[in-house]
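As a plain string of letters, each chain reads:
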Amino acid sequence: MSKQLSVSATQDVEEFTATFTAQQQRDLAKRLTTFLSQYSHLTDSFIIEFFTESLWQTLPSSWRAVLQDLSYPQTGELLLDASHEDRRYPSVWPLSLLAFRATAHALAFPRECRPDQGRVTASVKPDEFLENQSQSSLLGHIFRKHVKPKKQHEIRKLGMLVKQLCDQTGCRRVVDVGSGQGHLTRFLSFGLGLSVTAIEADHTLAAMASRYDGELLWALEKEKHKKSCFFQLPETHSVPRHMAGWVNPKASWEAFIKQLKDANHVIEGPQASSGQIKKRRSDRTQTSQPDGFSCDSKRSESEQMLSEESCCSDVRVVSEEGGNPEESRLQDYPDFVLTGLHACGDLSATLLRHFVSCPQVRGITSVACCYMKITTKENPTPPGLISPPTPPTPSTDSFHFEFGYPMSSWVRGLPGHQLSYKAREGACHAVEDYVRRLGEESEQLRTHCYRAILEMFIRDTRPDLRRAGIQTIKKAHLLPFTEYARLGLPRVGLPADLPLDQERVEAMLKQQNKVVVYFTLSLLLAPVVETLVLLDRMIYLEENGVDSQLIPLFNPNFSPRNFVLVAVKPSR
């Protein structure tokens with residue numbers, strides 16, 4: 001039922017245009033809130049309370065009758081796998097259960113990347129990792145250093161998308177918020193020739209990013225001397241500008257622009273390691289397919305190092321002499337595209353609000369994560385909420401704080417729009433990974449049952465101790481339950497030798513299949529919850545006169561939070 005906004009993440013992509021009308025967005029939001037409010041008992045339940053709260057008994061008796069004897073592969077195929085065409089039911093399912101499953105799949109945005117839609121792939125990793133499981137064949141090796149495969153996949157695809165957005169808006173500047181170690185920033189700057197300012201709250205990560213930039217420049221210069229040919233490195237304005245700073249969700253867009261101009265927080269840029277690099281300019285045109293090198297021999301190793309798919313479109317020599325001085329007035333700050341790769345909690349919502357309000361932000365690509373850390377009216381301080389590094393002080397740059405969900409007036413006015421912390425936490429789960437575990441009948445599936453049994457004994461001893469954090473017990477699925485309990489009990493302040501009724505333990509272990517089925521039912525709703533959160537943001541943008549698209553950019557088997565929200569402001 002849901003219409004996917006689609007765009008290819010390749011170089012010959014069309015411009016971003018809306019294909020999902022405002023009325024379609026509002027109609028879908030109404031259906032989502034109605035459906036989710038009807039099954040909130042599933043989204044709001046904690047699987048560790050399976051026994052203490054008798055969760056199995058909360059399901060309709062007709063559902064329990066057909067679900068209790070399903071094998072793990074059947075559970076995955078019949079409930080979670082939307083693409084499975086040859087469904088064979090071991091018994092006749094009630095219409096209410098069939099409708100529940102069908103509606104959940106129909107309301108959720110499709111998660112497959114466009115090339116993969118309509119087919120089931122056996123490989124977990126994208127094709128770019130077929131030759132080497134840890135190195136993307138589509139990303140130059142200087143951009144793979146210090147970067148895990150998942151992040152390689154993400155920075156390549158998002159980087160190309162940001163570049164397309166810059167081409168469409170006419171911007172050459174990008175602000176990367178929550179930049180971490182600067183992997184995306186480096187690809188955008190050195191690989192795609194964009195002028196990038198990176199903001200990271202962790203000073204250590206920001207300094208590390210700058211150090212990695214220096215390593216990259218050193219590798220490029222070393223390659224130049226090695227091959228006795230010259231190629232062009234970035235000019236000063238194309239070298240990333242790393243800033244250690246916290247983007248305050250309670251601050252105005254004016255404060256955000258001031259933060260970007262605050263030289264006091266800039267991490268020193270990288271220095272060339274092999275001496276002064278002479279400045280060179282390219283006489284290539286933007287419309288040609290650039291390679292960034294000049295050499296009398298065949299295609300150099302340096303060129304291959306930068307990109308196997310023309311990712312290094314504008315690489316120039318570094319000039320260590322001053323950059324572009326910035327004007328002091330806010331309105332003189334240059335236009336830019338805003339991006340955030342897995343910006344946590346309210347940060348994604350904050351960036352969208354800055355995009356709407358700040359005239360200099362012409363486009364945005366927003367990849368969200370950690371939905372449970374989003375603030376809501378019902379839960380303004382959720383667990384894990386990121387706090388400022390220093391206590392905030394009253395300022396004229398502050399404005400009325402708005403919650404991370406809902407952002408739109410439309411969703412805020414819908415009955416049943418509320419999403420609990422547990423519902424939002426569930427939306428962060430990797431559905432594809434769980435389908436794979438079910439198909440493989442993985443021993444890891446028993447961990448939920450173990451924890452639920454332990455919760456029973458914890459409550460027996462300490463009724464006031466509910467959902468106490470035990471943290472991960474290493475290789476718990478390989479342990480007998482008694483050993484798991486011996487390791488887990490001390491973590492909640494109970495003795496490791498607490499007497500356990502073995503007869504009760506065995507009776508609950510026999511219900512492991514039911515625990516898995518119940519968790520699967522709740523997991524079926526996870527993409528629906530995520531759809532509502534992201535749709536709310538699309539409607540917020542539409543209410544503010546901006547069309548947007550939601551693109552499943554990454555391979556969901558590899559990167560579960562794979563949606564990117566893309567928006568461009570109308571031309572001035």
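Before reading on, note that the structure itself is shown above.
An account of the accompanying structure is given in this report. (Residues numbered from 1 in each chain as written. Predicted model: local features only at pLDDT ≥ 70, side-chain atom pairs only at ≥ 80, totals over all residues. Heavy atoms only, no water.)

## Let's talk about the overall build of the protein
As a reminder, the rule being used: Numbering of helices and strands runs from the N terminus, with a helix taken as a DSSP run of H or I at least four residues long and a strand as a DSSP run of E at least two residues long. When a residue's accessible area, from a 1.4 Å probe over protein chains only, is under 20% of the maximum for its type it is buried; when over 50% it is exposed; and in between it is partly exposed. The criterion used for residue contact is that any of the two residues' heavy atoms lie within 4.5 Å. Accessible areas in this description were obtained via Shrake-Rupley with a 1.4 Å probe; residue shielding takes into account the shown protein chains only.
If you tally the helices and strands in the protein, you get 19 helices and ten strands. A buried classification covers 53% of the 572 residues belonging to the protein. A fraction of 77% describes how many contacts in the protein between residues 6 or more apart in sequence connect residues 24 or more apart. For the protein, the accessible area works out to roughly 25,600 Å², and carbon and sulfur atoms hold 50% of it.

## Re the pairing of strand S8 (residues 361–369)
The cut-off we apply is this: Think of it this way: DSSP has to see at least two bridges between two strands before they count as a pair. If you view a crossover with the strands going away from you and the path from the first strand over the helix to the second runs clockwise, you call it right-handed.
Buried residues dominate S8, accounting for nine of its nine residues. Sheet topology places strand S7 (residues 336–344) next to S8; eight bridges connect them, and they run parallel. Directly across from Thr339, in S8, lies its bridge partner Thr365. A crossover links S7 with its parallel partner S8, the connecting element being helix H11 (residues 346–357), and its sense is right-handed. Across four bridges, S8 lies against strand S10 (residues 563–568) in antiparallel orientation.

## Digging into the pairing of strand S2 (residues 195–200)
Most of S2 is tucked away, with six of its six residues classed as buried. By the alternation rule, side chains of S2 split into Ser195, Thr197 and Ile199 and Val196, Ala198 and Glu200, which are all buried. Following the chain from strand S1 (residues 173–177) across helix H7 (residues 183–191) to the adjacent parallel S2, one finds a crossover that is right-handed. Bridge count between S2 and strand S4 (residues 241–244): four bridges; the pairing is parallel. Directly across from Glu200, in S4, lies its bridge partner Ala244.

## Details of the packing of aromatic side chains
For clarity, the threshold we go by: Two aromatic rings from Phe, Tyr or Trp, using only the six-membered ring of Trp, form a pair when their centres are within 6.5 Å; if the ring planes differ by under 30 degrees the pair is stacked, by over 60 it is edge-to-face, and anything between is tilted. Counted as over-ring charges are cases with an Arg CZ or a Lys NZ within 6 Å of the ring centre that also lie within 35 degrees of the ring normal.
The final tally for this structure, using the stated rule, is 15 aromatic pairs. Ring geometry for Trp63 versus Phe100: centroids 5.3 Å apart, planes at 40°, classification tilted. Of this pair, Trp63 sits in helix H3 (residues 61–67) while Phe100 sits in helix H5 (residues 95–107); the two residues are 37 residues apart in sequence, bridging distant segments of the chain. Assigned by exposure class, Trp63 and Phe100 land together as buried. Taken together, Phe35, Tyr39, Trp63 and Phe100 form an aromatic cluster joined through their ring pairs. Its end group placed over the ring of Trp410, Arg26 keeps NZ or CZ at 5.6 Å from the ring centre. One Lys or Arg, Lys422, reaches over the ring of Phe46 and ends 5.6 Å from the middle of that ring.

## Some words on unusual backbone geometry
Across the junction of Tyr405 and Pro406, the peptide omega takes the value -10°, indicating a cis bond. Tracing the sequence through the fold places Pro406 in the loop between S8 and helix H12 (409–412). You will see that Gln471, though not glycine, has its phi angle at about 65°, which is positive. Relative to the helices and strands, Gln471 is located in the loop between helix H15 (447–461) and helix H16 (481–488). Not every positive phi belongs to a glycine, and Lys475 is a case in point at roughly 50°. Within the secondary structure, Lys475 sits in the loop between H15 and H16.

## A closer look at the environment of Gln68
Within the element layout of this structure, Gln68 appears in the loop between H3 and helix H4 (72–80). The exposure class of Gln68 is partly exposed, given its relative accessible area of 30%. Sequence separation of Gln68 and Asn513 is 445 residues, and the distance between their C-alpha atoms is 7.0 Å. Every residue in contact with Gln68, bar those within four places of it in the chain, is listed here: Trp56, Asn513 and Lys514.

## Focus: the nonpolar core
Side chains of a nonpolar character, in soluble globular proteins, are inclined to be buried together. Cut-off, in case you're wondering: We define the nonpolar core as a collection of buried residues of types Ala, Val, Leu, Ile, Met, Phe, Trp, Tyr and Cys that are connected through side-chain atoms lying within 4.5 Å of one another.
By size, the foremost hydrophobic cluster in this structure holds 114 residues, and its most contacted members are Leu67, Phe100, Phe481 and Leu521. Among the elements that make up this core, the one with the highest residue count is helix H19 (residues 526–543) (eleven residues). Ranked by size, the runner-up nonpolar core spans 33 residues in total, among them Ile155, Leu220, Val564 and Val566.

## Here's the deal with the side chain of His417
Put simply, the rule is: Definition of a polar contact: a pair of N or O atoms within 3.5 Å, with one able to donate and the other able to accept a hydrogen when the atoms are protein atoms, and with sequence-neighbouring residues admitted only if both atoms are side-chain atoms.
By the element assignment, His417 lies in the loop between H12 and helix H13 (421–426). A polar side-chain atom of His417 sits 3.5 Å from the main-chain carbonyl oxygen of Arg412. When neighbours within four sequence positions are excluded, His417 is seen to be in contact with Thr33, Tyr405, Pro406, Val411, Arg412 and Leu532.

## Quick look at the pattern of salt bridges
Once their charged atoms are close, side chains differing in charge can pair, the charge on each being opposite to the other. Counted only if it meets this: A side-chain nitrogen of Lys or Arg and a carboxyl oxygen of Asp or Glu constitute a salt bridge if their distance falls within 4 Å.
On inspection of all chains with the given rule, the structure shows 24 salt bridges. Linking Glu53 and Arg459 is a salt bridge whose minimum nitrogen-to-oxygen distance equals 3.5 Å. Here Glu53, found in the loop between helix H2 (40–43) and H3, pairs with Arg459, found in helix H15; they are 406 residues apart in sequence, far enough to count as distant. Glu53 sits in the partly exposed class, given a relative accessible area of 34%. Residue Arg459 is classed as buried on the basis of its relative accessible area of 11%.

## Brief notes about the environment of Ile364
Assignment of secondary structure puts Ile364 in strand S8. Judged by relative accessible area, Ile364 falls into the buried class, the value being 1%. Ile364 sits 204 residues away from Val568 along the chain, and the two C-alpha atoms are 6.6 Å apart. With sequence-adjacent residues up to four places away left out, Ile364 is seen in contact with Leu165, Val337, Leu338, Leu351, Leu352, Phe355, Leu565, Val566 and Ala567.

## Here's the deal with the packing of helix H18 (residues 512–524) against H19
Let me state the cut-off plainly: For helices, the fitted axis covers only the stretch in contact; all axes are lines through C-alpha atoms, and the angles between them, taken along N-to-C directions, range from 0 to 180 degrees. The labels follow the angle: roughly parallel below 35 degrees, roughly antiparallel above 145, roughly perpendicular from 65 to 115, and oblique for the rest. We call Asp, Glu, Lys and Arg charged. Ala, Val, Leu, Ile, Met, Phe, Trp, Tyr, Cys and Pro are nonpolar, and the rest, Gly among them, are polar.
At their nearest, the axes of H18 and H19 sit 4 Å apart, and the two run at 20° to each other. In terms of axis orientation, H18 runs roughly parallel to H19. On H19, the residues that touch Ser522, Leu523 and Leu524 of H18 are Ala526, Pro527 and Val528. The residue inventory of the contact of H18 with H19, partitioned by class, reads five nonpolar, one polar and no charged.

## Regarding the state of the cysteines
What counts is decided by this rule: The rule for a disulfide is simple: a pair of cysteine sulfur atoms within 2.5 Å.
Considering all chains together, one arrives at zero disulfides under this definition. Of all cysteine sulfurs, the one in Cys166 lies closest to Cys171, which takes part in no disulfide; the gap is 6.2 Å. Judged by relative accessible area, Cys171 falls into the buried class, the value being 4%. The closest cysteine sulfur to the non-disulfide-bonded Cys369 is located on Cys370, 3.6 Å from its own sulfur. Given the relative accessible area of 12%, Cys369 is considered buried.

## A short note on helix H1 (residues 22–38)
Which entries qualify depends on this criterion: An expected span of 1.5 Å times one less than the residue number is assigned to each helix.
The first and last C-alpha atoms of H1 sit 25 Å apart over 17 residues, in line with the 24 Å expected at 1.5 Å per residue. Within H1, burial applies to Gln25, Arg26, Leu28, Ala29, Leu32, Thr33, Phe35 and Leu36.

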